[in-house]
Amino acid sequence: MAETMRAQRFYADSKTIAVEDVPIPEPGPGEVLVKVAFCGICHSDLSLINGTFPSQLPVVTQGHEASGTIAKLGPGVTGGWAEGDRVVVAAGKPCMECVNCRRGDVSNCLRIRLMAFAYDGAWAEYTVAQAFGLTRIPDNVPMEQAAILADAVSTPYGAVVRTANVGIGESVGVWGVGGLGTHMIQLARLVGAAPIIAVDIKPAILDRALAVGADYAFDARD
């Protein structure tokens, strides 16, 4: 393996981006090195570039919707992972310092560290990830589709299934049917919600909402 890789770098002081040669990161204990296959572009990536979101680091590699293959195992990796496994990388990692993390409830970390904001992301040839945050990609799922599972699908899944705990026959309203909203409609349909009401301002988006499972689609300006 080469010692360097190509990576996008965002410079907070000038709000500029560049593609540079940087060292390939080394996975630490419980981590893996992932050779990136695909990485999505999330609106939050653009919000960092244009200054809507404050910078957490002076320089960072962006990208947090990544799929790829394990290229190297760090020390002490468990869970049956092996080099060559197809995986989705979690879009964040627990701080391991807050009260919830200290008692082992890492999924409810109070100070979650977001990939591509608090640490380097996956607009690069390789990225490092915690092994316990990986999700295995089934053979029948294309890598380019698996990449967006890390955020655009898992975030609305958590909202529908866990936070809202939507049940069969319960009504759901989705305000703003972008990437997250589109998946939220589909997930609400899968868990049996009815009716599902989509609200947006663009006719094409409202048509798409109906096509993917909304019962009604309303223009927010009406």
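Nothing here was measured: the structure is a model prediction, and the numbers come from that model. (Residues numbered from 1 in each chain as written. Predicted model: local features only at pLDDT ≥ 70, side-chain atom pairs only at ≥ 80, totals over all residues. Heavy atoms only, no water.)

1. Topic: the sheet that holds strand E1 (residues 4-11)
Keep this limit in mind: Here, strands pair whenever DSSP counts at least two bridges between them. Helix and strand definitions here come from DSSP, where helices need a minimum of 4 consecutive H or I residues and strands a minimum of 2 consecutive E residues; each element is numbered from the N-terminal end.
Pairing is antiparallel in the open sheet, where three strands are placed in the order E2-E1-E4. Among the strands making up the open sheet, the edge pair consists of strand E2 (16-23) and strand E4 (59-60). Relative to E4, E1 runs antiparallel, the two sharing two bridges. Bridging from a neighbouring strand, tyrosine 11 pairs with valine 59 of E4.

2. Overview of unusual backbone geometry
Under the convention used in this document: Burial classes follow relative accessibility: with a 1.4 Å probe on protein chains only, a residue under 20% of its type's maximum area counts as buried, one over 50% as exposed, and anything between as partly exposed.
Cis geometry is found at the peptide bond from alanine 194 to proline 195, where omega equals -5 degrees. Relative to the helices and strands, proline 195 is located in the loop between helix H5 (179-190) and strand E12 (196-200). Not every positive phi belongs to a glycine, and methionine 96 is a case in point at roughly 65 degrees. Mapped onto the fold, methionine 96 is located in the loop between strand E7 (92-93) and helix H2 (99-102). For methionine 96, a relative accessible area of 44% gives the class partly exposed. Phi at alanine 116 takes a positive value of approximately 80 degrees, unusual for a residue other than glycine.

3. Topic: the pattern of salt bridges
A side chain of one charge can pair with a side chain of the opposite charge when the charged atoms of the two come close. We apply this condition: Criterion for a salt bridge: a side-chain nitrogen of Lys or Arg within 4 Å of a carboxyl oxygen of Asp or Glu.
If you walk through the whole model with that rule in mind, you get six salt bridges. Of the charged contacts in the structure, one is a salt bridge between lysine 72 and glutamate 26, with a shortest N-O distance of 2.4 Å. One end of the pair, lysine 72, is in strand E5 (residues 66-73); the other, glutamate 26, is in the loop between E2 and strand E3 (31-39), with 46 residues separating them in the sequence. Note on glutamate 26: relative accessible area 53%, which makes it exposed. Note that aspartate 85 and arginine 136 form a salt bridge whose closest N and O atoms lie 3.2 Å from each other. Residue aspartate 85 is found in the loop between E5 and strand E6 (86-88), and its partner arginine 136 is found in strand E10 (residues 135-136); the two are separated by 51 residues along the sequence.

4. Looking at the packing of H5 against helix H6 (residues 203-212)
This is how it is decided: Think of each axis as a best-fit line through the C-alpha atoms, taken over the contacting stretch in the case of a helix, with angles from 0 to 180 degrees between the N-to-C directions. These descriptions rest on fixed angle ranges, namely under 35 degrees for roughly parallel, over 145 for roughly antiparallel, 65 to 115 for roughly perpendicular, and the rest for oblique. Crossings are assigned a handedness: left-handed for a near helix turned anticlockwise from the far helix by less than a right angle, right-handed for a clockwise turn. By definition in these notes, contact holds between two residues if any of their heavy atoms fall within 4.5 Å. Throughout this entry, Asp, Glu, Lys and Arg are counted as charged residues, while Ala, Val, Leu, Ile, Met, Phe, Trp, Tyr, Cys and Pro are counted as nonpolar. The remaining residues, Gly among them, count as polar.
The contact between H5 and H6 brings their axes to 9 Å, and the two run at 25 degrees. Looking at the two axes, H5 sits roughly parallel to H6. Judged by the sense of rotation from one axis to the other, the crossing of H5 with H6 is right-handed. Packed against H5, whose contacting residues are Thr182, Ile185 and Gln186, the element H6 presents Arg208, Ala209 and Val212 at the interface. A per-class count over the contact of H5 with H6 returns three nonpolar, two polar and one charged.

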